Amino acid sequence: MSAVVGEPAERTDGIAKVTGEAIYGVDYGETGMLHARLVRSPVASGTLREIDASDAEQIPGVRRVLTAADAPTDRAGWVLREQLLFAADRVRYEGEPVALVVADTVEAAQAAARAIQLKIEPAPVVGDIEAALADDAPLIHPDWQSYEPVSGADHPRYGNVAAEVVADTDPEGFERAFAQAAKIVEDEFSAPRQYQAYLEPKSAVARFEGGKYTVHTAHQYPFNVRDRIAQYLGVRPSAVRVVGHHIGGGFGAKLDAALEPYAAFAAEKLRRLVKIVNDRTEDMLTCPCRENAIVRLRTALSADGDILARELVCLMDNGAYSGEMPWLAGLPVHVLGQVYRTGVPRVVGKLVYTNTAPTGAFRGVGGTYLYFAVERHMDNCARRLGIDRRAFRLRNLIRSGDAVVNGQVLEDADILAEAFDRIEEIAPWGERPTSSSNGKLRGAGVAAVTWMTNPGAGSVVLKLNEDGTTGVVTAGTENGSGAIAMGVTQIVAEAMGVRSEDVVVLMPDTDAAGYDGGSQGSRTTHVVGRAALIAAEELTQKIFDVAADLLESSPSDLELRDGEVAVKGVRQSGIPLATVGATATFTVGPLTGTGSYATPAPAFNPGCATGLLFPVFPTPSYHVHYAEVEVDPDTGQVDVVRYVVAQEVGKAINPAGVRGQIQGGVTQGLGYALYENVQIVDGRYQERRLETYRLPLAPDIPDVEIILLEHPEAAGPYGARGVAEPPVLPVAAAVGNAIADAIGAPITRIPFTPADVLTALHDAREGSVAAAQP
Amino acid sequence: MELHLTVNGDPHTLDASPAETLLGVLRDRLGLTGTKEGCSEGECGACTVLVDGAAVDSCLLLAHAVNGAEIVTVEGLRDGDGALSSLQSAFVKAGGVQCGFCTPGFLMTLTAFLEENPAPSEDEIRTAIAGNICRCTGYSQIVESVQFVIGGTK
């Protein structure tokens with residue numbers, strides 16, 4: 001049979017999804033369930049004086065109103081145990097849960113939630129990073145010192161700073177480099193929050209039975225949900241079972257628990273099945289958006305264009321609670337030196353509490369704005385030096401064997417130069433658009449990224465079913481990317497010598513499958529795929545042992561092909577896997593194989609930084625993006641007319657799926673670059689519905705030209721590296737550089753709205769007029 | 001109030017309140033959960049169904065406003081023998097589906113569109129789906145799914 005890996009096989013959940021048969025989290029329900037709705041704080045900061053539910057409780061069909069008075073006092077959190085199930089005395093962001101209404105119908109729950117009277121005494125709102133860092137800023141968490149780190153080991157934090165990371169191992173060398181520099185370039189950049197805008201709002205359905213919580217949810221990381229519920233409710237994790245369903249998009253926003261703990265809590269209190277669904281506005285208000293941030297860069301340059309030293313200071317908005325953000329506070333350390341040699345580096349990352357909704361992961365996390373800042377700054381450095389932007393990049397590009405800021409050696413970093421070369425073949429830099437045409441200003445930009453594949457652990461149990469199909473038990477999740485429905489499925493099919501449709505994957509279930517680190521950081525195909533290969537090896541050996549008797553052959557002479565076990569080198573057909581499965585059932589028992597894998601941490605320098613909770617960047621992949629834009633000088637409208645991606649993928653398990661990830665990731669990046677913007681005024685989100693939050697639509701988006709580089713990664717299944725996360729990363733950088741090139745003016749703030757572009761153009765013209773005057 | 005609808009060829013008579021949306025009736029009363037609720041304000045297009053052949057956002061439509069109408073949902077796109085429609089089939093083959101939550105809405109919008117315009121240009125396809133949000137695919141493979149259909153292959 002033809003190989004399955006490397007083929008554009010159809011995704012195995014495709015038919016269920018095009019027929020409407022696929023049951024997503026919001027679709028799941030059972031007869032007799034109750035409906036819950038959260039009452040959320042309408043203000044960003046205040047003291048909660050009273051919750052008056054007397055009117056609400058009179059509404060027909062209302063069963064209970066639950067508040068902090070009913071709930072355990074355990075605090076929960078991914079990194080820091082900061083948060084109570086319900087705000088008890090203080091509210092810290094608009095949307096923070098204050099009470100839960102449980103009713104017979106959705107309508108009764110909604111009416112009751114509206115009828116609850118909250119008495120909240122307003123307190124000053126610490127609405128942004130700078131306000132939180134002011135000397136006289138009120139503390140968002142006066143009790144911050146009492147919060148326990150989940151890992152047991154604390155990290156540097158104080159006052160309104162939830163995490164601080166500093167890499168400054170050679171301060172004297174750093175100062176010396178700046179003292180000796182021919183040129184010093186300084187820049188400041190900023191980025192807003194970006195809403196993940198998955199189309200399926202968050203939901204959960206929970207049951208409590210015999211001391212056990214069973215929670216149905218469409219989630220990227222079921223084991224994280226299990227652990228969070230256990231923390232909030234003060235039970236051991238195995239008292240919680242999380243069952244997965246089809247996920248209507250997540251992009252990182254469905255990595256931490258959201259509604260699940262409330263459904264579980266209500267199910268226990270009422271001893272009934274309880275369902276809860278977010279409406280779109282509460283989903284937006286409480287979703288852990290990509291954080292807003294400020295990035296400052298300063299570089300010491302030699303006259304001929306070497307980077308002698310570089311400083312990066314990054315201030316990140318944590319919102320009112322931390323989620324996984326303390327992990328991500330160390331990202332600036334990784335981003336600074338992973339693409340360009342930085343001379344002597346200095347990095348400061350600060351994660352800052354504010355009275356806003358907690359921020360969190362969105363595909364590419366802070367790398368989107370960090371690479372935007374680094375790559376805009378690279379353009380500015382080249383301009384100040386009078387050197388071509390691309391040549392300046394190539395001169396300072398890291399090379400295979402270079403150690404980066406954390407001391408990790410990137411063994412295959414020469415792929416970056418290859419990616420620049422491959423882009424050059426189809427979009428020669430010397431032929432880029434430089435002049436205006438049709439009244440439009442034209443420009444080009446380039447940006448490069450090194451990114452990791454999340455190393456988190458995963459496991460797979462494979463079983464040979466008696467009909468010859470292969471069952472896959474894993475808690476790896478299919479978030480839509482195809483990592484399970486194509487990637488892992490095709491890897492198993494290839495290893496077992498069967499077709500994709502003969503691979504049957506169980507939906508995630510934390511009671512059935514081993515721990516899995518969730519669909520994050522492009523890890524599923526790489527890590528779960530590798531675990532699947534380990535399991536396949538064991539299962540194959542057991543199959544050969546049974547088949548050897550039937551074929552009167554030695555197990556070592558057998559192979560799997562076309563759904564059969566056959567003797568190697570012999571053309572005649574063997575015996576069907578179904579026969580082996582059925583035979584085993586009556587002889588040695590059913591055949592299974594198990595595999596577990598976590599990417600080993602590469603060597604690094606533990607002294608490279610303080611506060612670095614995520615010290616390495618395993619299984620790197622390399623990326624260069626190239627963008628051409630046209631800017632209307634009268635309206636500020638930006639059209640991205642050409643977009644080229646060169647991406648290292650190791651091995652494309654499914655080229656059509658890889659393309660979908662790149663096209664989709666670039667599109668999210670274009671939204672980030674050009675329109676998407678959660679604006680916050682006094683802690684209050686201004687964009688509260690999809691009507692006002694502008695997302696990329698079909699007429700906006702060019703077809704991305706894609707160059708796949710395939711240097712197999714030794715540990716990856718068939719060489720595969722992570723694919724799905726990185727395509728979003730360089731987009732704001734490449735497009736920002738292209739716009740700045742087109743208009744001849746600095747672009748420093750994401751998104752690049754028509755108004756901002758016009759202002760930059762206007763300022764540049766005023767400036768050049770002023771400069772021309774004596 | 002009595003409500004009469006024909007949904008995917010089956011006649012239904014229900015007692016529905018004046019406030020119920022068509023989406024609510026389809027999902028909660030008839031159990032047709034293929035039609036999705038993404039935003040409840042007509043922005044995302046995930047709830048698109050055909051009402052007497054026209055693609056509309058069912059979240060904005062009161063059920064009684066379409067009393068007596070013929071409704072087609074994603075569950076009604078298969079032909080009489082249960083085979084996928086050429087558009088459904090193309091979405092699977094050409095990579096038009098990722099998370100799939102927007103897919104029913106795209107299928108309904110495009111089914112109506114192709115009835116009106118059986119040989120659209122790429123620009124016409126992109127304009128036709130400008131009222132449907134897909135957060136996963138970046139649209140190219142959705143556009144190609146349509147081109148796959150009008151190219152005559154299934």
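A short tour of the structure in this document, coming up. (Residues numbered from 1 in each chain as written. Chains lettered and ligands numbered in written order. Predicted model: local features only at pLDDT ≥ 70, side-chain atom pairs only at ≥ 80, totals over all residues. Heavy atoms only, no water.)

The next subject is the overall build of chain A. Tallying secondary structure elements over chain A gives 19 helices and 32 strands in all. Its C-alpha radius of gyration of 27 Å places chain A within 12% of the 28 Å reference for a compact globule of 774 residues. Structurally, chain A occupies a C-alpha span of about 95 × 75 × 55 Å along its principal axes. A buried classification covers 62% of the 774 residues belonging to chain A. In chain A, the share of contacts with a sequence separation of at least 24, taken over all contacts with a separation of at least 6, comes to 80%. When the accessible surface of chain A is split by element, carbon and sulfur atoms take 48% of a total near 26,800 Å². In chain A, 68 positive and 99 negative side-chain charges are present, and the distance between their average locations comes to 2 Å. (Helix = DSSP H or I, 4+ residues; strand = E, 2+ residues; numbered from the N terminus. Rg over C-alpha atoms; globule rule 2.2 N^0.38 Å. Buried < 20%, exposed > 50% of the residue type's maximum accessible area, 1.4 Å probe, protein only. Contact = heavy atoms within 4.5 Å. Areas by Shrake-Rupley, 256 points an atom, 1.4 Å probe, with all protein chains shown as cover. Lys, Arg positive; Asp, Glu negative; His and termini not counted. Charge placed at Lys NZ, Arg CZ, Asp CG, Glu CD.)

Time to look at the overall build of chain B. Along the backbone of chain B there are 5 helices and 5 strands. Going from the N terminus to the C terminus, chain B shows its helices and strands as β-β-α-β-β-β-α-α-α-α. Its C-alpha atoms give chain B a radius of gyration of 15 Å, near enough to 15 Å, the size a compact globule of 154 residues would have. Reported as C-alpha extents along the three principal axes, the dimensions of chain B are approximately 45 × 35 × 25 Å. When each of the 154 residues of chain B is scored for burial, the buried share is 56%. For chain B, the computed accessible surface area is about 5,800 Å², with 49% contributed by carbon and sulfur atoms. Positive and negative charge centroids in chain B, built from 8 and 20 side chains respectively, lie 10 Å apart.

One finds A:Tyr195, A:Tyr369, A:Tyr643, A:Val735, A:Ile739, A:Ile743 and A:Phe752 to be the most contacted residues of the largest nonpolar core, which totals 188 residues. Sequence-distant contacts of A:Val735, that is, excluding residues within four places in its chain, are made with A:Ala627, A:Val629, A:Val640, A:Tyr643, A:Leu670, A:Ala673, A:Leu674 and A:Phe752. (Core = buried A, V, L, I, M, F, W, Y, C linked by side-chain atoms within 4.5 Å.)

Facing 49 residues of chain A, the contacting portion of chain B comprises 41 residues. Among the residues chain A hides against chain B, the three largest losses belong to A:Val18, A:Leu199 and A:Ala698. Together they make up 20% of the total. The tally of links from chain A across to chain B stands at 7 salt bridges. Where A:Arg689 meets B:Glu41, a salt bridge forms, and the shortest distance between an N and an O atom there is 2.5 Å. Our enumeration of links across chain A and chain B arrives at 31 residue pairs in polar contact (both at pLDDT 80 or more). For the side of chain A that touches chain B, the elements supplying multiple residues, two or more each, are helix H1 (14-18) and helix H17 (655-674) of chain A. The element that contributes the greatest number of residues to the side of chain A that touches chain B is H17(A), accounting for 8 residues. In terms of residue class, the side of chain A that touches chain B is made up of 22 nonpolar, 15 polar and 12 charged. (Buried area = accessible area lost by both parts, 1.4 Å probe. Salt bridge = Lys/Arg side-chain N within 4 Å of Asp/Glu carboxyl O. Polar contact = N/O pair within 3.5 Å; in protein donor to acceptor, adjacent residues only side chain to side chain. Nonpolar A, V, L, I, M, F, W, Y, C, P; charged D, E, K, R; others polar.)

Bringing the pairing of strand S28 (residues 621-631) of chain A into the picture now. Residues and elements named next belong to chain A. When you tally the buried positions in S28, you get 11 out of 11 residues, the bulk of the element. Burial along S28 is two-sided: Ser621, His623, His625, Ala627, Val629 and Val631 facing one way and Tyr622, Val624, Tyr626, Glu628 and Glu630 facing the other are all buried. Across 11 bridges, the pairing between strand S20 (residues 441-451) and S28 is antiparallel. In the sheet register, Leu441 faces S28, and the bridge partner there is Val631. Of the strand pairs in this sheet, S28 and strand S29 (residues 638-648) are connected by 9 bridges, and their pairing is antiparallel. Residue pairing across strands places His623 opposite Gln647, the latter belonging to S29. The turn joining S28 and S29, which pair antiparallel and follow one another in sequence, is formed by 6 residues; a positive phi near 80° is taken by Gly636. (Pairing = 2+ DSSP bridges.)

So, on to the packing of helix H12 (residues 389-396) of chain A against helix H13 (residues 414-426) of chain A. Residues and elements named next belong to chain A. The interhelical angle for the contact between H12 and H13, taken along N-to-C directions, is 155°, at an axis separation of 11 Å. Classified by the angle between their axes, H12 and H13 sit roughly antiparallel to one another. Of the two possible hands of crossing, H12 and H13 adopt the one that is left-handed. Of the residues in H13, those touching H12 at Arg390, Arg393 and Leu394 are Phe420, Asp421 and Glu424. (Axes fitted to C-alpha atoms, helices over the stretch in contact; angles between N-to-C directions. Parallel < 35°, antiparallel > 145°, perpendicular 65-115°, else oblique. Left-handed = near helix turned anticlockwise from the far one by under 90°.)

With that settled, consider the pattern of salt bridges. Residue and element names in this part refer to chain A. On inspection of all chains with the given rule, the structure shows 58 salt bridges over all chains. One salt bridge in this structure joins Arg688 and Glu94, with 2.6 Å as the shortest N-O distance. Linking Arg688 in the loop between strand S31 (684-685) and strand S32 (705-709) with Glu94 in the loop between strand S5 (90-91) and strand S6 (97-103), this pair joins segments that are 594 residues apart in sequence. Shared partners join several salt bridges into a network, and the residues in it are Glu375, Arg376, Asp379, Arg389, Arg393 and Asp741.

This part covers helix H14 (residues 483-496) of chain A. Residues and elements named next belong to chain A. Its 14 residues give H14 an end-to-end C-alpha distance of 18 Å, which sits within 8% of 20 Å, the value for a rise of 1.5 Å per residue. The sharpest bend along H14 reaches about 25° and sits at Thr489. The buried fraction of H14 amounts to 12 of the 14 residues, a majority that puts the element mostly inside the structure. Considered for burial, the residues of H14 that qualify are Ala483, Ile484, Ala485, Met486, Gly487, Val488, Thr489, Gln490, Ile491, Val492, Ala493 and Met496. Gly497, located one to two residues past H14, shows a positive phi value of around 65°. (Expected span 1.5 Å × (residues − 1). Bend = angle between axes of the 7 residues up to and from the residue.)

Residues and elements named next belong to chain A. Taken in spatial order, the 4 strands line up as S20-S28-S29-S32 in an open sheet, and their pairing is mixed. Whereas interior strands pair on both sides, the edge strands pair on one side only; in this sheet they are S20 and S32. For this sheet the average axis-to-axis angle between neighbouring strands, irrespective of direction, equals 15°.

Take the packing of aromatic side chains next. Residue and element names in this part refer to chain A. Following the criterion strictly, the structure yields 19 aromatic pairs over all chains and no others. Centre to centre, the rings of Phe372 and Phe752 are 5.6 Å apart; their planes meet at 35°, and the pair counts as tilted. Note that Phe372 is positioned in helix H11 (residues 367-385) and Phe752 in the loop between helix H18 (731-743) and helix H19 (754-772), a separation of 380 residues in sequence. In this pair, the class of Phe372 matches that of Phe752, namely buried. Considering the side-chain rings of Trp429 and Tyr626, the 6.4 Å spacing of their centres and the 75° angle between planes classify their relative orientation as edge-to-face. Of this pair, Trp429 sits in the loop between H13 and S20 while Tyr626 sits in strand S28, and the two are 197 residues apart along the sequence. Here the two residues Trp429 and Tyr626 agree in accessibility, since each one is buried. Within the aromatic cluster, the residues linked to one another by ring pairs are Trp327, Tyr371, Trp451, Phe614 and Phe617. (Phe/Tyr/Trp six-rings, centres within 6.5 Å; stacked < 30°, edge-to-face > 60°.)

Residues and elements named next belong to chain A. Ordered in space as S3-S6-S1-S14-S11-S12-S13, the 7 strands form an open sheet in which the pairing is mixed. Edge positions in the open sheet fall to strand S3 (62-67) and strand S13 (240-244), since each of these has one partner strand only. Within this sheet the neighbouring strands show an average axis-to-axis angle of 25°, counted without direction. Of the strand pairs in this sheet, S3 and S6 are connected by 5 bridges, and their pairing is antiparallel. Paired with Val62 across the two strands is Ala103, which belongs to S6.

Residues and elements named next belong to chain B. Where strand S1 (residues 2-7) and strand S2 (residues 10-15) come together, 6 bridges link them in antiparallel fashion. Looking at the pairing, Leu3 lines up with Leu14 of S2. Turn length for the S1-S2 hairpin, with the two strands adjacent in sequence and antiparallel, is 2 residues, and the turn residue Asn8 shows positive phi of about 50°.

This part covers the environment of A:Tyr158. All names here are of chain A. Looking at the secondary structure, you find Tyr158 in the loop between strand S8 (148-149) and strand S9 (161-167). When its relative accessible area of 35% is taken as the criterion, Tyr158 is described as partly exposed. In this structure the C-alpha to C-alpha distance between Tyr158 and Leu550, which are 392 residues apart in sequence, comes to 69 Å. Not counting chain neighbours up to four residues away, the residues in contact with Tyr158 comprise Trp144, Glu164 and Lys350.

Attention now moves to unusual backbone geometry. The step from A:Ile750 to A:Pro751 runs through a cis peptide bond, and the omega angle for that step is -5°. Topologically, A:Pro751 is positioned in the loop between H18 and H19. Phi at B:Asp52 is positive, roughly 50°, even though this residue is not glycine. Assignment of secondary structure puts B:Asp52 in the loop between strand S3 (48-51) and strand S4 (54-57). On the accessibility criterion, B:Asp52 (54% relative accessible area) is exposed.

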